[in-house]
Amino acid sequence: MSRPPAVRRRRYPRRSRRGQGVAGADAVEVVEGIDGAEESEEHAGRSGVRSLDGATATLVLVTVAGIAVRIGLWWQDRAFWRDELALIQSLDSYSAAQLVGRLSDAQSAPPLWLLLVRAVTLVAGDGERAYRLVALSAGCATVVVVAFLSAQLVRRRWAAVIPVVLLSTISELVFYTAQTKQYTADTLTVSWLLLLAVRLLRTDVTGDGRGDRRTRFAFFLSLAVLPWVSHGFMLSAPLVAGWVVLCRIRPPRASSVGPTPHRVRIRRGSSTLGLLAGLALPAVSVLAAALHARHLTSQVSDFASYWTDFFGPRGEPLLRWVDWHGFVFRDLAVRELGFATWWGLLLVVAGLVVAVRRQPATGIVLVLPLLTAYAVGVLGMYPFGRRLVLFCVPGLLCYLGVLVDAFAGGVSAAGVGSAVRRRASAVATGVGAVVVLVTCWTTPSRLMHDLNYLYGIDDYRTALAFVATKWQDGDVLVVGNGDRPAVRVYGPRLGLPPEKGLRAIPPDSQATRARCAMPAQITSARRVWLVSGDVVPIYADQPSRYTLIAPLLPRFRSVWHQDRGLVTVQAVMPGSTPNARPARCLDYAPVGPAGDPERPATTLPAS
């Protein structure tokens, strides 16, 4: 039989009610632990100085490495890509009051996040790095918060390293850390919410309750403010807050599966009443933020159609539901969690089971963001997939740390003698970590591949910068209708005259013609520059670079053609092209400022 866990007793002086020093006998608090764990605490008790053990040092190094990966991508100063451009055109030109309302070109983001980005750019400038500082800060802080969260949930600090290693190289999370998008704010705020919830439910309460009061204050303040910073937080907050209150009112039974790694004290009575009273304002704030977000997304005409694959197939046969679940969870595993195979989800489920058996309250709270996202996806209220569910990732990764920790504990319990148990625990932790990393880790080579070929690879900055260097009086710039945000953002930065920018729009009639009617701005131009991205084609069945130039060839000849990533730059000058083919004609309109409709009411008249 294995030895029972060691029991250490710490003595704290009991203070009098008036705080006048020590009163009576010392108060004794029993702390249960695992043999061989928390050795640095024992050393700190003897020497008065906390030593840095190997596991903690490794956790710090891995956290720093994850931050360095994100800073490195941000420092590359990549050009804004199409999703950023669609949002930045509003950040460039809208007032603070307008940013709280509907944004240009079917974009939506939390209002406080938008105002924070605006405040930072007022100080740091309007360059790419400045616009991404908020996302970078949130992405780096997420790594730190997850390190603290995982350390709270395991009995062996080495196991806490696993979630941080996995989080550090997930391609999508790394990418959005260096983009002007709100998704790293989602991961940070939800991770912070889970950390506060775990602390409220089980750990680190000082003898006089001051730590509990500080945690509750941070919890209530976060619930009141952060729904306006993050949609992921807004969705997760009601279920997490409700679970915390439920557990504080009626604490779950103690687990029978081994000792808990920390002292577990769930405060009741007046503390519960304080929780309920404190939730009044946050409840109003979360509801208001949800209604505001719902109002804005309802004004985006193509929001539901764009995300249709990630809404539950309501009214469909059972087989369609099975296919949908397979699709969304495989996508979650491979894309958002960065697993090598969707089978990695089985390890997450195993970690969930272990965490719930250890301590139901904290074991369940980590999965609540995923359950919320799944529920609103099934109901058709919010897409359950891709970057919109990145906020579920930190909690799920922590289950893998718990799983490795439990495996090491099981192997250690079979040993005889403290030295044997420590060695067995170390070997088991290493084996479990290898299994998890082989199945679930995004390798650096895969990360580099994804960043180079899957995310943000169109480059309007280089294309428009080339046009700006060659620009002469009498030139005209024509872009596809879907490329107009690039001209609105980069045009002023590069010095391109805004009145010379036109966008090409497909007309109602798509019949081909040998010679198309065109506005005088084009027919009288000395040279016409054509800039187009094939990711947002004018016609679905034809590359935009051909769609733009084909109607011009009866009047102009091509003098320049070059591809810049997924963006093509062409130049034509007067002079017909021999053997020009009939082409589908286009309507033309000024690019205009942010907020102009996608299809203007009127187009330029033909000459």
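Residues numbered from 1 in each chain as written. Predicted model: local features only at pLDDT ≥ 70, side-chain atom pairs only at ≥ 80, totals over all residues. Heavy atoms only, no water.

1. Some remarks on the side chain of Ser 168
Quick reminder of the rule: Labels follow the DSSP assignment, with helices taken as runs of H or I lasting at least four residues and strands as runs of E lasting at least two, numbered in each case from the N terminus. Nitrogen and oxygen atoms within 3.5 Å of one another constitute a polar contact, given that in protein one can donate a hydrogen and the other can accept it, and given that sequence-neighbouring residues count only through two side-chain atoms. For this analysis, residues touch if any pair of their heavy atoms sits within 4.5 Å.
By the secondary structure assignment, Ser 168 is in helix α8 (residues 157-168). Engagement of the side chain of Ser 168 in a polar contact is seen with the backbone oxygen of Val 164, the distance being 2.6 Å. Once you skip the residues sitting within four places of it in the chain, Ser 168 turns out to touch Val 62, Gly 66, Val 69, Arg 70, Val 143 and Val 174.

2. Comments concerning the confidence of the model for the chain
To keep it simple, the criterion reads: Residue-level confidence of the predictor is summarised by pLDDT, bounded by 0 at the bottom and 100 at the top.
Mean pLDDT over the chain stands at 84; residues scoring 70 or higher make up 84%. Predicted confidence for residues 203-209 stays below pLDDT 50, and this span has 16 contacts to residues more than four positions away or in other chains. With pLDDT under 50 throughout, residues 254-270 is counted as low confidence; its partners more than four residues away or in other chains account for 51 contacts.

3. Observations regarding the state of the cysteines
To keep things clear, this is the line we draw: Count a disulfide wherever a pair of cysteine sulfur atoms falls within 2.5 Å. Buried residues are those whose accessible area, probed at 1.4 Å on protein chains only, stays under 20% of the maximum for their type, while exposed residues exceed 50% and partly exposed ones sit between those limits.
Evaluated as defined, the whole model comprises 1 disulfide. Between the sulfur atoms of Cys 516 and its disulfide mate Cys 585 the distance is 2.0 Å. Between Cys 516 and Cys 585 the disulfide shows an S-S torsion of about -85 degrees. By sign, it is left-handed. Here Cys 585 lies in the loop between β9 (583-584) and β10 (587-590) and Cys 516 lies in the loop between β5 (512-513) and α25 (520-523), a separation of 69 residues in the sequence. For the residue pair Cys 516 and Cys 585, the accessibility class agrees, reading buried in each case.

4. What to know about the packing of helix α12 (residues 231-249) against helix α19 (residues 368-378)
Quick reminder of the rule: Fitting a line to C-alpha atoms yields each axis, with helices limited to the stretch in contact; the angle taken between N-to-C directions then spans 0 to 180 degrees. Note on angle classes: values under 35 degrees are labelled roughly parallel, values over 145 roughly antiparallel, values of 65 to 115 roughly perpendicular, and the remainder oblique. Crossing handedness is read from the near helix: turned anticlockwise from the far helix by less than a right angle, it gives a left-handed crossing, and turned clockwise, a right-handed one. Gly falls in the polar group here, along with every residue not listed as nonpolar (Ala, Val, Leu, Ile, Met, Phe, Trp, Tyr, Cys, Pro) or charged (Asp, Glu, Lys, Arg).
α19 packs onto α12 with a crossing angle of 130 degrees between their chain directions and a minimal axis gap of 9 Å. Between α12 and α19, the angle falls in the class oblique. Between α12 and α19 the crossing geometry is right-handed. Residues Leu 235, Ser 236, Leu 239, Val 240 and Trp 243 of α12 pack against Leu 368, Pro 369, Leu 371, Thr 372 and Val 376 of α19. Taken together, the residues of the contact of α12 with α19 break down into 8 nonpolar, 2 polar and no charged.

5. A closer look at the pairing of strand β7 (residues 556-564)
Short version of the rule: Strands pair, by our definition, only if DSSP identifies at least two bridges between them.
As paired strands, β7 and strand β8 (residues 567-574) are joined by 8 bridges and run antiparallel to one another. When the sheet's bridge partners are listed, His 561 is paired in β8 with Gln 570.

6. Concerning the packing of helix α16 (residues 318-336) against α19
Where α16 contacts α19, the two axes come as close as 13 Å, and the packing angle between them is 140 degrees. The angle between α16 and α19 falls in the class oblique. Between α16 and α19 lies a crossing of right-handed hand. Residues Trp 321, Trp 324, His 325, Phe 329 and Leu 332 of α16 touch α19, and the partners they reach there are Leu 370, Tyr 374 and Val 378. Partitioning the contact of α16 with α19 into residue classes produces 7 nonpolar, 1 polar and no charged.

7. A look at the sheet that holds β8
Pairing between the strands of a sheet is mediated by backbone hydrogen bonds and can be parallel or antiparallel. Strands sit in the order β7-β8-β6-β3-β4-β10 across an open sheet of 6 strands; the sheet is mixed. Of all the strands in the sheet, the pair left with one neighbour each is β7 and β10. Neighbour-to-neighbour, the strand axes of the sheet open up by a mean angle of 25 degrees, direction not taken into account. Alignment of strand β3 (residues 475-480) against strand β4 (residues 501-505), held across 4 bridges, turns out to be parallel. Opposite Gly 480, over in β4, you have Ala 504 as the bridge partner. Packing against the sheet, helix α23 (residues 460-470) makes contact with β3, β6 (527-533), β7 and β8, and its axis sits at approximately 175 degrees to β6. Along the sheet, helix α24 (residues 484-494) contacts β3 and β4; its crossing angle with β3, the most-contacted strand, is approximately 135 degrees.

8. With respect to the nonpolar core
It is characteristic of soluble globular proteins that their nonpolar side chains tend to be buried jointly. Stated formally: Nonpolar cores are built from buried Ala, Val, Leu, Ile, Met, Phe, Trp, Tyr and Cys residues. Side-chain atoms within 4.5 Å join them into one set.
The biggest cluster of nonpolar side chains holds 138 residues, and the ones touching the most others in it are Trp 113, Phe 219, Phe 339, Val 365, Leu 397, Leu 400 and Val 531. The element best represented in this core is helix α10 (residues 183-202), accounting for 11 residues. Discounting residues that sit within four places of it in the chain, Trp 113 has contacts with Leu 87, Val 134, Thr 180, Lys 181, Gln 182, Ala 185, Trp 228 and Val 229. Val 478, Leu 502, Val 572 and Tyr 588 belong to the second-largest nonpolar core, a separate cluster that totals 20 residues.

9. Things to note about α10
Heads up, the condition is: For a helix, the expected span equals 1.5 Å multiplied by the number of residues minus one.
With 20 residues, α10 extends 29 Å from end C-alpha to end C-alpha; this agrees with the ideal 28 Å at 1.5 Å per step. Of all 20 residues in α10, 17 are buried; the element is thus mostly enclosed.

10. Considerations on the pattern of salt bridges
As a reminder of what qualifies: The term salt bridge refers to a pairing of a side-chain nitrogen on Lys or Arg with a carboxyl oxygen on Asp or Glu at a separation within 4 Å.
Tallying each qualifying case throughout the model produces 16 salt bridges. Among the salt bridges present, the one from Glu 128 reaches Arg 461, with a minimum N-O distance of 3.2 Å. Within this pair, whereas Glu 128 is found in helix α6 (residues 128-131), its partner Arg 461 is found in helix α23, the two being separated by 333 residues in sequence. Look at Glu 128 and you get buried, because its relative accessible area is 11%.

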